[in-house]
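Survey of secondary and tertiary structure
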Amino acid sequence: MDLGISGRWALVCAASRGLGRGCAEALVREGANVVINARSSESLEKTAEHLRRLNQNVTVYTVAGDIALEETRHSALTACPQIDILITNAGGPPPGDFRDWSRQDWLDALDANMLTPIELIKASVDSMAERGFGRVINITSAAVKAPIDILGLSNGARSGLTGFIAGLARQPQLAGRNVTINNLLPGSFDTDRLKNTQQGVAQSSGLNYESVRESSRQKIPTQRFGTAEEFGAFCAFLCSAHAGYMTGQNILLDGGSYPGTY
Ligand SMILES: NC(=O)c1ccc[n+]([C@@H]2O[C@H](COP(=O)([O-])OP(=O)(O)OC[C@H]3O[C@@H](n4cnc5c(N)ncnc54)[C@H](OP(=O)(O)O)[C@@H]3O)[C@@H](O)[C@H]2O)c1
């Protein structure tokens, strides 16, 4: 299927590794030009080289910096000649006990996982609406639907974003102009983030890393972790010309882990 996004411009945040990189790869394979971002310029440039090899007909720009900072957002937004597709993403907040978190810990989580996506969306959706095409995907977490106790900062900040998006996506001046805004909720994808979390669980519980990984794998109905490639492929479809009738949705990609009927 031709996704109909060849020649479109996409800004993909936090994309040198993991899920963001999976999204950038899938968009580039479909012929979209991309601006990719991450804090470490070394790994970002390596990823950019890889994307250019995947499809020599697209343009790939890089903007290194923390996307939670205003100056990085400004550079990323201006590096993109026009933003047709926006993928918001950033590292997740650290795990812990809410009794230990300071006001600053909460502000950092809100900045990275709620206010940064909102600022990026604010800067791009009205011009998408003027051009009659726009796709925004926020990478959030399955924890929005099924909270994980040690990830309270993530549960809170991402739920705030989710509530805001539910209202925004339904504005007729956006939805009625072919601008869709959806959230993708990853369960367990085999990225550095998942490995680090599992290593943390192993250390704090005294179990070995391999057994923590194995028991977490066995709890997933598909009996495996997801891959960044399949996450990216799903994201690219949601960004496609064919996905204009879906907006304001929270889509779980979790191998069937969420136990509810709806
Ligand atoms: N993997 C999962 O199973 C899973 C499940 C639920 C939710 N999530 C969430 O999905 C998001 C992506 O996770 P992932 O698994 O892809 O993580 P990952 O493999 O650790 O990759 C994170 C990527 O984001 C970049 N990054 C991190 N913080 C950034 C910042 N402030 N500004 C710009 N770039 C930043 C990293 O590069 P630099 O370090 O160089 O900046 C890297 O490219 C996270 O918010 C995570 O909490 C993941």
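Our focus in this paragraph is the packing of aromatic side chains. Scanning all chains against the criterion turns up 3 aromatic pairs. Between Trp 9 and Tyr 61, the ring centres sit 5.6 Å apart and the planes meet at 20 degrees, which makes this aromatic pair stacked. With Trp 9 in strand β1 (residues 9-12) and Tyr 61 in strand β3 (residues 60-64), this pair connects stretches of sequence that are 52 residues apart. According to the relative accessible area criterion, Tyr 61 is partly exposed, its value standing at 38%. The ring of Phe 133 carries Arg 8 above its face, with NZ or CZ at 3.8 Å from the centroid.

This next bit is on the packing of helix α1 (residues 18-29) against helix α2 (residues 41-54). Their axes nearest at 9 Å, the elements α1 and α2 cross at an angle of 25 degrees. What the angle tells us is that α1 and α2 run roughly parallel. α1 and α2 meet at a crossing whose hand is right-handed. Residues Arg 21, Ala 24, Glu 25, Val 28 and Arg 29 of α1 pack against Thr 47, His 50, Leu 51 and Leu 54 of α2. Considering only residue class, the contact of α1 with α2 consists of 4 nonpolar, 2 polar and 3 charged.

On to the sheet that holds β3, then. Taken together, the 7 strands give an open sheet; going across it, the order is β3-β2-β1-β4-β5-β6-β7, and neighbouring strands pair in parallel fashion. Each edge of the open sheet is held by one strand with a lone partner, namely β3 and β7 (250-253). Averaged over neighbouring strand pairs, the angle between their axes works out to 15 degrees when direction is ignored. In terms of strand pairing, strand β5 (residues 134-139) meets strand β6 (residues 179-186) through 6 bridges, oriented parallel. Looking at β6, one finds that Arg 135 is bridged to Thr 180.

Once that is clear, we can look at the nonpolar core. Residues Val 12, Leu 27, Val 34, Ile 36 and Ile 87 are the most contacted members of the largest nonpolar core, which totals 34 residues. Of all elements in the fold, only β1, α1, β2 (33-38), α2, β4 (85-88), β5, α9 (228-238) and β7 reach the threshold of two or more residues within this core. In terms of residue count, α1 provides more of this core than any other element does, 6 residues in total. Counting residues in each nonpolar core, the second largest holds 28 residues, with Ala 68, Ile 118, Ile 121 and Val 125 among its members.

All right, on to the site of the ligand then. Among the 27 residues in the neighbourhood of the ligand, the closest are listed as Ser 16, Arg 39, Ala 90, Phe 189 and Thr 191. The backbone of Gly 187 places a nitrogen or oxygen atom 3.0 Å from an oxygen atom of the ligand. When the ligand sits alone it has 880 Å² of accessible area, and the protein chains cover 92% of it. Elements supplying a minimum of two residues to the shell around the ligand: α1, β2 and α7 (192-205). Here the residues of the shell around the ligand sort into 8 nonpolar, 13 polar and 6 charged.

To continue, consider α9. An α-helix turns once per 3.6 residues; consequently, residues spaced three or four apart project the same way. By the burial criterion, the buried members of α9 are Ala 228, Phe 231, Gly 232, Cys 235, Ala 236 and Leu 238. The buried residues of α9 occupy one face: seen down the axis, they fall within an arc of 155 degrees. Buried residues along α9 sit against α1, β4, β5, β6 and β7.

What counts, and at which threshold
- Residues numbered from 1 in each chain as written.
- Predicted model: local features only at pLDDT ≥ 70, side-chain atom pairs only at ≥ 80, totals over all residues.
- Heavy atoms only, no water.
- Phe/Tyr/Trp six-rings, centres within 6.5 Å; stacked < 30°, edge-to-face > 60°.
- Helix = DSSP H or I, 4+ residues; strand = E, 2+ residues; numbered from the N terminus.
- Buried < 20%, exposed > 50% of the residue type's maximum accessible area, 1.4 Å probe, protein only.
- Lys NZ or Arg CZ within 6 Å of the ring centre and 35° of its normal.
- Axes fitted to C-alpha atoms, helices over the stretch in contact; angles between N-to-C directions.
- Parallel < 35°, antiparallel > 145°, perpendicular 65-115°, else oblique.
- Left-handed = near helix turned anticlockwise from the far one by under 90°.
- Contact = heavy atoms within 4.5 Å.
- Nonpolar A, V, L, I, M, F, W, Y, C, P; charged D, E, K, R; others polar.
- Pairing = 2+ DSSP bridges.
- Core = buried A, V, L, I, M, F, W, Y, C linked by side-chain atoms within 4.5 Å.
- Near = heavy atom within 4 Å.
- Polar contact = N/O pair within 3.5 Å; in protein donor to acceptor, adjacent residues only side chain to side chain.
- Areas by Shrake-Rupley, 256 points an atom, 1.4 Å probe, with all protein chains shown as cover.
- Arc of directions from axis to C-beta.

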